[in-house]
2 protein chains.
Amino acid sequence: MKHTKTVVPSDIEIAQKASMKKIFEIANGLDIEEEELEPYGRYKAKLSLNILKRLHTKENGKLILVTAINPTPAGEGKSTVTVGLGQALHKLGKKAVIAMREPSLGPTMGMKGGATGGGFSQVLPMEDINLHFTGDLHAITTANNALAAMIDNHIHQGNQLQIDTRRITWKRVVDLNDRALRKVVIGLGGPVQGVPREDGFDITVASEIMAVFCLAKDLSDLKERLSRIVVAYDIHKKPITAKDLNVEGALTLLLKDALQPNLVQTLEHTPAIIHGGPFANIAHGCNSVIATQMAAKLGDYVVTEAGFGADLGAEKFLHIKTPSLGFNPEVVVIVATIRALKMHGGVSKDNLKEENVEALKNGIANLKKHIETIQSFGLPFVVALNEFVTDTEMEVSFVLDWCREHNIPISLTQVWEKGGDGGVALAQNVLEQIEKKQTAFTPLYKQEDTLEQKLQSIAVNVYGAKGIELLPAAKKQLQQIEGEGWGKLPVCMAKTQYSLSDDAKKLGRPEDFVITIRELKPSVGAGFIVALTGSIMTMPGLPKEPAALKMDVDEEGKAVGIF
Amino acid sequence: MKHTKTVVPSDIEIAQKASMKKIFEIANGLDIEEEELEPYGRYKAKLSLNILKRLHTKENGKLILVTAINPTPAGEGKSTVTVGLGQALHKLGKKAVIAMREPSLGPTMGMKGGATGGGFSQVLPMEDINLHFTGDLHAITTANNALAAMIDNHIHQGNQLQIDTRRITWKRVVDLNDRALRKVVIGLGGPVQGVPREDGFDITVASEIMAVFCLAKDLSDLKERLSRIVVAYDIHKKPITAKDLNVEGALTLLLKDALQPNLVQTLEHTPAIIHGGPFANIAHGCNSVIATQMAAKLGDYVVTEAGFGADLGAEKFLHIKTPSLGFNPEVVVIVATIRALKMHGGVSKDNLKEENVEALKNGIANLKKHIETIQSFGLPFVVALNEFVTDTEMEVSFVLDWCREHNIPISLTQVWEKGGDGGVALAQNVLEQIEKKQTAFTPLYKQEDTLEQKLQSIAVNVYGAKGIELLPAAKKQLQQIEGEGWGKLPVCMAKTQYSLSDDAKKLGRPEDFVITIRELKPSVGAGFIVALTGSIMTMPGLPKEPAALKMDVDEEGKAVGIF
């Protein structure tokens, strides 16, 4: 969340002025044993997977899932609330651990905006986390591209598997915004340079390996999932997997160190585990299962987040991540802001500073739908109204009153401006919900349901649609997917994050709409079927003035220009 | 060097059985202060550039440069001798530090062969060093590709600099062997996906950023060099630099942490600084200047190596690296093996096991030429005859006698089989040469010589050619290069490593040949002009059975199958 006018200094100024504790101290506070910690510099460390074995029988900490209304250009500050809530629990004397995704370099260098929270609710060292961190994304990039090189080498060396070069689904990746790589032709230059074919590059976080990495329970599960990845189809249209290429061992080796979660701290020294970061459209958009499991073994409370709004991130957390995780959230925090609710009520971005209670009245329907969704999963929740300097008293009162009328638990937060102190009310509200023990988690579909039933359930129950329509291509793919025996996998919706519907322009709570499924794409390694409802961008472009143009190193060797 | 039959276990078996000291202990032995060490796990660390500032006035350790005869498929074991010599000096009670290049993942996953020495002369942890290590190569890959993305984005966003899309010289890179990426067309798919153009990928170690990284003296020199990199020419054929794109700050930021050298240890706990690894053909093929400088401040003796044979690696070390380094080697070690000398004398690889003194008599001419070259630089030297199990007594005697006759200092080494103990004789010989103080280093050309004079000098004095011939394209490029004011830069020869000539098949000591210069390519950031004498491969391909197919992780999470 970026506030327009305030006395709070910039994120990087706050971050660089902060005094961090040595990572050993943070680890000591979590009873991590010395040999379980691999330091990466003084303030970052990798955590050994042995921690999960050692604490196998220990009860899991209470899981708090932070989600949001549909995002708008106004910004909701979900990561900032996640960090702030962790800090607030810490302030209340609770042993809280934060579990978050790690940022991708592409957006950091592209549009202004890191992914480490903001203001006085940040994870540190913010420059390191936003740049190379501990190299996890580089390892994933390398594994993805090693697999691609093996495919083209196999074809070049005689193509024993009879791969149809027109039906290679595996793309290469870079962890950058680079639109010129979206569609390419490779293998040009004659017979010594390989076999020409169409190809394309995605951004690393869109790689199926990232999704696999984030759902794997341990090294052997990682290898098992990697071996299942479908990379192409042969001339008989039968799937070719990484295992057919005999490369799953090398890929596992390339990812072995990266699979260990990363421990860092917040500005208030609350431990944070930052690990994995898959796209929230073509993948499930949550940090790794291993990171969340570890946080739950090390802390009494775990604050974690899911990508985009509750229609995408929370739904996927609950249907895709939870089965691998083995336990479910006790309570959900739904982040909303006055500004975003006004946009959902029809106000344009330029007019957000003006008080507009009428727009709020309309826009709050978006929040209401997400609340209903969380309730339908049988989960208690708290609305976090993340305050902004331009919010008026009347607007805030309207939302508070509306919640009171509807018997909806709500707390105001000022975590950006005040850090943990600004989240204490929210933390108390969250703890209260947990103590009530009213959690009765129920997925909205059953594992054994058909893909169509699953799609229907999400569209109707989560989006509020009348139903779904499968375009002819998707119908054909459905048959093929069922024919291959993948028909019982969960679905992973690739839908615009801006609307509950599949039309980005329909804000608020759209009604009377149908979700159109254009394409079904198996991610067999990750273990889900991606349902595309529109064209989803898997390789962002750079703006005219990329954020990178402001980046530099000062005379003391410090990072400059990361926002 | 890989021995065929021996009781010595495999490299990875030796490496994984070894007991390493904590990296803090290794650093303590070098009087590195605690805040100057950034641990990466327990056995690797980055060293702060402050060490160079703190020890600015301290006398440099004696520099020992390890080079070799022209490499053959028989293997010479230059890295193994480098590590073994460092260990041997350590055994003699000397404060020795090894400085080496870091390996590229491409060859490690492609053809059997890491780059961390062998047998009982290895640097550890060998798996880590051969895989992601501390992420330096990933940082270089990212910086290289960020610059490429900025070029294509600039063109897409209106091309204010009037870049000629047919004259973009900057290529993308991956740290893999991937022949299908050598020649590609990017920007396909219509106006939203960028501007279509021809492009290609090199392997990361061939990136000019790698050369820049290895020649930079500090962060500001790095930035200065990055800003000078020529990425394209505009429609008026004027060079476009990274500075014109305003991206040198971001590139410096991406490389800031990587620029700190990496400290590890050998099997015998000798400190080794492993940092940077540019190609030895289109670049200069030595570890970073900063690493060598730091080794010289921390140790009394520094053992370092240069790529390929003395005609390429040592020549470039002495003409390109030494000026940035600020000091020169005191002594040069020239590694040779009986097997390789026999190949230079005309024996095929399959017949190497048979005793053949006649072939040795012919092949030793290759060694003789390299000795003369080192002498012409005014440097003392020692020949290291790296023993192999198939060498016969008669063959060894022949080489020893030949050296005695010619008054050439020589030592036998068994560092692969015996570690430091196998290199003690060599170490004593090297120390003796240093104590004689007969070093009178003189470059073979002057900075102010023209490019043609420099080319001529290297061809005649180092290769033993009659002269050079510039093909018409190269002549034209020479004019352009001089026109841009780059005519006084040193030259960086891109020549086959297998022969003293530019014909890979001419082994031994070819005579009566001319070096044909086909192309001149400015690397203005690195600060040299690459002279191509043939087609140089900057993106290797994978063999039919890549080494990666044997790689895996065992049940304990240990690496398997790295050789």
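Residues numbered from 1 in each chain as written. Chains lettered and ligands numbered in written order. Predicted model: local features only at pLDDT ≥ 70, side-chain atom pairs only at ≥ 80, totals over all residues. Heavy atoms only, no water.

## A look at the environment of A526(B)
All names here are of chain B. The condition is simple: Only DSSP runs of H or I covering at least 4 residues are called helices, and only runs of E covering at least 2 are called strands; the numbering of each starts at the N terminus. We call two residues in contact whenever any of their non-hydrogen atoms come within 4.5 Å of each other.
Secondary-structure assignment places A526 in the loop between β23 (519–523) and β24 (528–532). Note: C-alpha distance between A526 and T72 (454 residues apart in sequence) is 29 Å. Here A526 is in contact with E208, A211, V212, L215 and R225, once residues within four sequence places are set aside.

## Examining the packing of helix α8 (residues 208–215) of chain B against helix α9 (residues 219–228) of chain B
Residue and element names in this part refer to chain B. Filter applied, for reference: Lines fitted to the C-alpha atoms define the axes, with helices restricted to the stretch that makes contact. Angles between their N-to-C directions range from 0 to 180 degrees. An angle below 35 degrees is read as roughly parallel, one above 145 as roughly antiparallel, one from 65 to 115 as roughly perpendicular, and any other as oblique. By definition, turning the near helix anticlockwise from the far helix through less than a right angle yields a left-handed crossing, and turning it clockwise yields a right-handed one. Asp, Glu, Lys and Arg are counted as charged, while Ala, Val, Leu, Ile, Met, Phe, Trp, Tyr, Cys and Pro are counted as nonpolar; the rest, among them Gly, fall into the polar class.
Put simply, α8 and α9 touch, their axes get as near as 9 Å, and they point 150 degrees apart. Judged by the angle between their axes, α8 and α9 are roughly antiparallel. Of the two possible hands of crossing, α8 and α9 adopt the one that is right-handed. From α8, I209, V212, F213 and L215 reach across to α9, where they touch D221, L222, R225 and L226. Residue composition of the contact of α8 with α9, grouped by class: six nonpolar, no polar and two charged.

## Notes on the pattern of salt bridges
All names here are of chain A. Quick note on the threshold: Throughout this description, the term salt bridge denotes a Lys or Arg side-chain nitrogen within 4 Å of a carboxyl oxygen of Asp or Glu. In this scheme, a residue with accessible area under 20% of its type's maximum is buried, one over 50% is exposed, and one in between is partly exposed, where area comes from a 1.4 Å probe on protein chains only.
If you walk through the whole model with that rule in mind, you get 59 salt bridges over all chains. Here E224 makes a salt bridge to R228, at a shortest N to O gap of 3.9 Å. Here E224 and its partner R228 are both found in helix α9 (residues 219–228), four residues apart, which amounts to about one turn of the helix. By relative accessible area, E224 is classed as partly exposed at 43%.

## A short note on the relation of the copies chain A and chain B
Applied cut-off: Least-squares fitting of one copy onto the other uses the C-alpha atoms of those residues that reach a pLDDT of at least 70 in both copies.
Least-squares fitting of chain A to chain B yields an RMSD of 0.0 Å, with the superposition described by an axial translation of 0.0 Å and a rotation of 180 degrees. Such values leave the two copies arranged in the relation of a two-fold axis. Minimal C-alpha separation from the rotation axis in chain A is found for Y40(A), amounting to 2.2 Å. Both copies present the same face, since 100% of the interface residues in chain A are matched by interface residues at the equivalent positions in chain B.

## Topic: the interface of chain A and chain B
As a reminder of what qualifies: Buried area counts how much accessible surface, traced with a 1.4 Å probe, disappears from two parts once they are put together, with both parts' losses summed.
Chain A puts 68 residues into the contact, and the matching count from chain B is 68 residues. Buried surface at the junction of chain A and chain B, both sides included, amounts to about 5900 Å², of which 61% is carbon and sulfur. Together, R42(A), R179(A) and L253(A) form the three largest contributors to the area buried by chain A at its contact with chain B, with a combined 11%. For R172(A), the salt bridge is made with D178(B), and the minimal N-O distance between the two is 3.0 Å.

## Some thoughts on the state of the cysteines
Residue and element names in this part refer to chain A. The test is simple: When the sulfur atoms of two cysteines come within 2.5 Å, that pair is taken as a disulfide.
A complete count under the given rule lists zero disulfides over all chains for this structure. With no disulfide of its own, C286 has C214 as its nearest cysteine by sulfur position, at a separation of 8.2 Å. The exposure class of C286 is buried, given its relative accessible area of 0%.

## Here's the deal with the sheet that holds strand β12 (residues 230–234) of chain B
Residues and elements named next belong to chain B. Spelled out, the test is: In this analysis, strands are considered paired if DSSP registers two or more bridges between them.
If you trace the three strands from one edge of the open sheet to the other, you get β7-β12-β13, paired in antiparallel fashion. If you trace the sheet from one side to the other, it starts and ends with β7 (163–168) and β13 (239–241), each paired once. Neighbouring strand axes in the sheet, compared pairwise and without regard to direction, differ in orientation by 50 degrees on average. Note: β12 against β13, three bridges, orientation antiparallel. The partner of Y233 across the bridge, within β13, is P239. Along the sheet, helix α7 (residues 136–156) contacts β7 and β12; its crossing angle with β7, the most-contacted strand, is approximately 135 degrees.

## Side note on the packing of aromatic side chains
Formally: Ring pairs shown here join Phe, Tyr and Trp side chains whose ring centres sit within 6.5 Å, with only the six-membered ring taken for Trp; geometry is labelled stacked below 30 degrees between planes, edge-to-face above 60, and tilted in between. By definition here, charges over rings are those cases where NZ of Lys or CZ of Arg is within 6 Å of the ring centre and within 35 degrees of the ring normal.
By the definition in use, this model includes four aromatic pairs over all chains. Pairing Y40(A) with Y40(B) gives two aromatic rings, centres 5.3 Å apart and planes at 50 degrees, and the pair type is tilted. In this pair, Y40(A) is assigned in the loop between β1 (37–39) and β2 (45–47) and Y40(B) in the loop between β1 (37–39) and β2 (45–47), connecting two distinct chains. Accessibility assignment for this pair places Y40(A) and Y40(B) in one class, buried. If you follow R339(B) out to its NZ or CZ, it ends over the ring of F388(B), 4.1 Å from the centre. Positioned above the aromatic ring of Y463(B), the side-chain terminus of K495(B) is 4.6 Å from the ring centre.

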